[in-house]
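Listed below are the residues making up each chain.
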Amino acid sequence: MTLQESLLALNLLPGLGPVRIRRLLDHFGDAEGVLRARKGQLTAVSGIGPESAGIIQSWEDHVDLQGELSAIRSRGLSLLTPGHPGWPPTFDHLQDSPLLLYVWGEVQERDSKALGIVGSRRTTHYGRTCARKFSFQLAHVGFTIVSGLARGIDTAAHEGALAAEGRTIAVLGSGLGQLYPPENMALAERIAEGHGAVVSEFPI
């Protein structure tokens, strides 16, 4: 099993979360070390009780790793992990930053020059127009526009960046197999097909 697959297995485990998993990674050195650890070694880590240690020790009973890998391949996705040139450097300063990102499309090193534009789902015509205009102008001068693919302002922000033939990244609050809202599927496809990426930290 590769280091990336080990990290994916940890990300799939129920009830742990990135903060406790990062403590484990710091303690054992890498994801493989965490998955190989004995129960007593795991409970020595702050925040890891017997129940969590048991889940980690028997991780193969809780995780369908091969099924997730198959879904990633069949959907044409990739995994972005720390150390990759496209990994957001700001994540290094977040206590609860994602362990990895599922990516539909491509995250590039230049996307670190990014601005987030987000807002209400129920908005006015004026609000949508402004969001689209700001995004267009910022994308035109080289900023990657980051938003959430939601209705309203988020949609307008992505559309403005695409109109400028710039780059945009949509960060989902769900897995890439549960894209929401469904009417934005065509927008997501446009983003992923050469203009940026649709990403999620959540399993498919």
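Throughout what follows, the structure given in this document is the object of discussion. This structure is a prediction, so every number in the text was calculated from the model and none was measured.

**Digging into the overall build of the protein chain**
Then comes step 1: Of regular secondary structure, the protein chain possesses ten helices and six strands.
Then comes step 2: A principal-axis box enclosing the C-alpha atoms of the protein chain has dimensions of 60 × 30 × 30 Å.
Then comes step 3: Considering the protein chain as a whole, with its 204 residues, one finds that 45% of them fall into the buried category.
Then comes step 4: Counted over contacts in the protein chain with a minimum sequence separation of 6, partners at least 24 positions apart contribute 69%.
Then comes step 5: Surface exposure of the protein chain reaches about 10,600 Å², of which carbon and sulfur atoms provide 51%.
Then comes step 6: Here the protein chain contributes 18 positively and 21 negatively charged side chains, and the mean placements of these two sets differ by 7 Å.

**What to know about the packing of aromatic side chains**
Then comes step 1: Summed over all chains, the structure comprises one aromatic pair.
Then comes step 2: For the ring pair Trp87 and Phe91, a centre distance of 5.2 Å and an interplane angle of 85° mean the geometry is edge-to-face. Of the two residues, Trp87 and Phe91, neither departs from the other in class, the shared state being buried.
Then comes step 3: Here the guanidinium or amino end of Lys113 rests over the ring plane of Phe143, the centre of that ring lying 4.9 Å away.

**Re the nonpolar core**
Then comes step 1: Ranked by internal contacts, the top residues of the largest apolar core, which has 42 residues, are Leu8 and Tyr102.
Then comes step 2: Elements represented by at least two residues in this core include exactly helix H1 (3-12), helix H2 (17-28), helix H3 (31-36), helix H5 (50-57), helix H7 (65-74) and helix H10 (185-192).
Then comes step 3: No other element matches the five residues that H1 contributes to this core.

**Quick look at the environment of Asp61**
Then comes step 1: Its location among the elements puts Asp61 in helix H6 (residues 59-62).
Then comes step 2: For the pair Asp61 and Leu13, spaced 48 residues apart in the sequence, the C-alpha separation amounts to 9.9 Å.

**Description of the environment of Gly127**
Then comes step 1: Residue placement: Gly127 occurs in helix H8 (residues 125-140).
Then comes step 2: Overall, the relative accessible area of 16% leaves Gly127 in the buried class.

**Brief notes about the side chain of Glu68**
Then comes step 1: Inspection of the secondary structure puts Glu68 in helix H7.
Then comes step 2: We note that Glu68 is buried and unpaired, the nearest opposite charge coming from Arg75 at a distance of 8.1 Å.
Then comes step 3: Here Glu68 is in contact with Leu8, Leu12, Tyr102, Pro203 and Ile204, once residues within four sequence places are set aside.

Scoring rules and cut-offs
Residues numbered from 1 in each chain as written. Predicted model: local features only at pLDDT ≥ 70, side-chain atom pairs only at ≥ 80, totals over all residues. Heavy atoms only, no water. Helix = DSSP H or I, 4+ residues; strand = E, 2+ residues; numbered from the N terminus. Buried < 20%, exposed > 50% of the residue type's maximum accessible area, 1.4 Å probe, protein only. Contact = heavy atoms within 4.5 Å. Areas by Shrake-Rupley, 256 points an atom, 1.4 Å probe, with all protein chains shown as cover. Lys, Arg positive; Asp, Glu negative; His and termini not counted. Charge placed at Lys NZ, Arg CZ, Asp CG, Glu CD. Phe/Tyr/Trp six-rings, centres within 6.5 Å; stacked < 30°, edge-to-face > 60°. Lys NZ or Arg CZ within 6 Å of the ring centre and 35° of its normal. Core = buried A, V, L, I, M, F, W, Y, C linked by side-chain atoms within 4.5 Å. Salt bridge = Lys/Arg side-chain N within 4 Å of Asp/Glu carboxyl O.

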